[in-house]
Amino acid sequence: MMMLQMKILRGVGLIAMDNNFVTADSSDPYCDVYLNKVKLGRTPVISQTLNPIYGGPKSTFTFNVESSDEMIITIKIFDFDNLKDDDPMGEIKFNVRDLLLQIESGSGYPNVWIPVARVDGCEGEDDLGKLQVRLLRISKNRSFSYKEIEVPTNLSIGPKLKADGVKNSKSHIQEILSSARAPVTLHVYDVGHNENVRRINKITSATGSGGIFHGAIEIYGKEFSFGGSKRNYTGVFDCKPRQCPMHEYRESIYLGDCNLSRHQVLEIIKKMMPEWMAPTYDVLRKNCCFFSREFSIELGVGDIPSWVYSLANVGAKVDNMINHTDEKVKEAEERRRKRKEQDEEKKKQNEATYVNPAISEEKDAELDHRDQDMREISLDVIMAIRLQRALRFRKANRQLLQQESYHVKQTRKASVNDYDGCGFEINI
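Residues numbered from 1 in each chain as written. Predicted model: local features only at pLDDT ≥ 70, side-chain atom pairs only at ≥ 80, totals over all residues. Heavy atoms only, no water.

Undergrad: An account of the overall build of the protein chain is requested, with residue identities and associated values reported.
TA: Per the secondary structure count, the protein chain includes 8 helices and 14 strands. Per-residue burial for the protein chain yields a buried fraction of 39% across its 428 residues. Surface exposure of the protein chain reaches about 26200 Å², of which carbon and sulfur atoms provide 53%. (Helix = DSSP H or I, 4+ residues; strand = E, 2+ residues; numbered from the N terminus. Buried < 20%, exposed > 50% of the residue type's maximum accessible area, 1.4 Å probe, protein only. Areas by Shrake-Rupley, 256 points an atom, 1.4 Å probe, with all protein chains shown as cover.)

Structure representation (structure tokens):
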């Protein structure tokens, strides 16, 4: 008989089931967990997201199994709906023994991503997303001594513990810490050592709009965080809890017990180090608070309070809007530049074919003069032809008349000679 613990950490890229005007392209996912056909429990509903973050006690399921038993874990994902039946979003299945062997025979990294499979009634895209889960053997021996933990004076509980109804009192938190195997604590600092920053954070925190904070996670007596640099090495660093020399300590938030060994925690950090390189640091999108959030999720204690990173989120949105506006301005300027180039090209083409009106009139007058000359020449030719014809006609008539006159003379001469018979010539 062995005791196992299965924890659902988060989902990524789940399908959207809500298509109304309020929550378009979103879902309200939760998970039902079964060991063979026996239901172990249900996770909380995470509203209006396709990337739910679970973790915490309510997403942790403990059960006993025989080493020779064939055990199948089934996690069914649903979209919560107040007005109708909950819609299926897919499921994952795995053999307990096989997954445990995969995790324990590896490097020691305890978390596994499993793609979501389609089920009846589940419509949508081919890619249904994936879930990150963890399966561990549970040892009753605590690996960390409570005596080694120095409980901060300004200590409160995290969002997952608060959702589970844990009282936000120092005595109650100390009681929880006493039974924790590997407690995880978020330490929050005011950025730098500037009095103005502390004043701003005091005002923004009172209004619930966040502040300018540095975040770090304490686990096994060390505090881990993330910083930026131009040098190409990891930005993950560690220091003594609540003693980061670059910032002013503010408060601490207990997030829960991750129930991991030192080696498993170290493997999580090793995996994250190349993903959080110093040159990739971005004060609005990838800073120490987002590292603390990711580290907390990987440890299995859920999300950190949103007010720690909310101001950076707002800044990122504003920056995205500015960048979007800049891109639109650049596009408009590019369009204007192209239109100007086209107009100049058209102007050049028009200038190449352009005719000065004065020159055009001179050319027209010259053409008219040529036309007039051609018309006069044509008339002269026509008149010359007519005159030539007339002269030829008169000459022909004259010759004809001469021939006719000669013929008459001869005729008459012959007639007179015949008449008088005397041989006298009579001239007429």
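Undergrad: So, the pattern of salt bridges: which residues are in play, and what are the values?
TA: Across all of its chains, the model carries 16 salt bridges by this definition. Taking the shortest distance from any N to any O, the salt bridge between Asp 32 and Arg 42 comes out at 2.6 Å. Taken together, the residues Asp 32 in strand 2 (residues 29-35) and Arg 42 in strand 3 (residues 38-42) connect sequence positions 10 residues apart. When its relative accessible area of 4% is taken as the criterion, Asp 32 is described as buried. For the salt bridge of Arg 285 with Asp 282, the shortest nitrogen-to-oxygen distance reads 3.6 Å. When salt bridges with common partners are traced through the structure, they connect Arg 10, Glu 294 and Glu 298 into a single cluster. (Salt bridge = Lys/Arg side-chain N within 4 Å of Asp/Glu carboxyl O.)

Undergrad: Lay out helix 4 (residues 195-206) in plain terms, naming residues and giving numbers.
TA: In this model, helix 4 (12 residues) spans 17 Å end to end at C-alpha, consistent with the 16 Å of a helix rising 1.5 Å per residue. Val 197, Asn 201 and Thr 204 are the residues of helix 4 that are buried. Buried residues in helix 4, looked at end-on, bunch into an arc of 70 degrees, giving them a common side. Across from the buried face of helix 4, at angles greater than 90 degrees, the exposed residues are Arg 199, Lys 202, Ile 203 and Ala 206. Looking at the buried side of helix 4, the elements it contacts are strand 10 (183-190), strand 11 (213-219) and strand 14 (248-257). N-cap assignment for helix 4: the residue whose side-chain oxygen lies 2.7 Å from the backbone N of Asn 196 is Asn 194. Of the residues trailing helix 4, Gly 208 is marked for its positive phi of about 80 degrees. (Expected span 1.5 Å × (residues − 1). Arc of directions from axis to C-beta. Contact = heavy atoms within 4.5 Å. Polar contact = N/O pair within 3.5 Å; in protein donor to acceptor, adjacent residues only side chain to side chain.)

Undergrad: Break down the packing of aromatic side chains for me, citing the residues and quoting the values.
TA: Throughout the structure, instances matching the rule amount to 10 aromatic pairs. Centroid distance Tyr 189 to Tyr 249: 5.8 Å. Interplanar angle 80 degrees. Geometry classified as edge-to-face. Here the residue Tyr 189 occupies a position in strand 10, and Tyr 249 occupies one in strand 14, the gap between them amounting to 60 residues. With a relative accessible area of 0%, Tyr 189 lands in the buried category. Judged by relative accessible area, which is 26%, Tyr 249 ranks as partly exposed. Pairing Phe 226 with Tyr 281 gives two aromatic rings, centres 5.5 Å apart and planes at 35 degrees, and the pair type is tilted. Taken together, the residues Phe 226 in strand 12 (residues 222-226) and Tyr 281 in the loop between helix 5 (262-272) and helix 6 (288-299) connect sequence positions 55 residues apart. Residue class for Phe 226 comes out buried when judged on its relative accessible area of 2%. Look at Tyr 281 and you get partly exposed, because its relative accessible area is 31%. Through successive ring pairs, a cluster of aromatic residues spans Phe 224, Phe 226, Trp 276, Tyr 281, Phe 291 and Phe 295. The ring of Tyr 34 has Lys 76 lying over it, and the distance from NZ or CZ to the ring centre is 5.1 Å. For the cation-ring pair, Lys 130 lies above Trp 113, with the distance from its terminal atom to the ring centre recorded as 4.8 Å. (Phe/Tyr/Trp six-rings, centres within 6.5 Å; stacked < 30°, edge-to-face > 60°. Lys NZ or Arg CZ within 6 Å of the ring centre and 35° of its normal.)

Undergrad: Outline the sheet that holds strand 12, listing residues and values.
TA: Read from one edge to the other, the open sheet built from 6 strands follows the order 9-14-10-11-12-13, with strand pairing classed as mixed. The strands lining the two open edges of the sheet, one partner per strand, are strand 9 (155-157) and strand 13 (236-239). This sheet shows a mean twist of 30 degrees between the axes of neighbouring strands, independent of strand direction. Across the sheet, helix 6 lies against strand 10, strand 11, strand 12, strand 13 and strand 14, angled at about 25 degrees from strand 11, the strand it touches most. (Pairing = 2+ DSSP bridges. Axes fitted to C-alpha atoms, helices over the stretch in contact; angles between N-to-C directions.)

Undergrad: An account of unusual backbone geometry is requested, with residue identities and associated values reported.
TA: The phi angle at Asn 36 is positive, at roughly 55 degrees, despite the residue not being glycine. Assignment of secondary structure puts Asn 36 in the loop between strand 2 and strand 3. Phi at Asn 259 takes a positive value of approximately 60 degrees, unusual for a residue other than glycine. Structurally, Asn 259 is set in the loop between strand 14 and helix 5. Residue Asn 259 is classed as buried on the basis of its relative accessible area, which comes to 10%.

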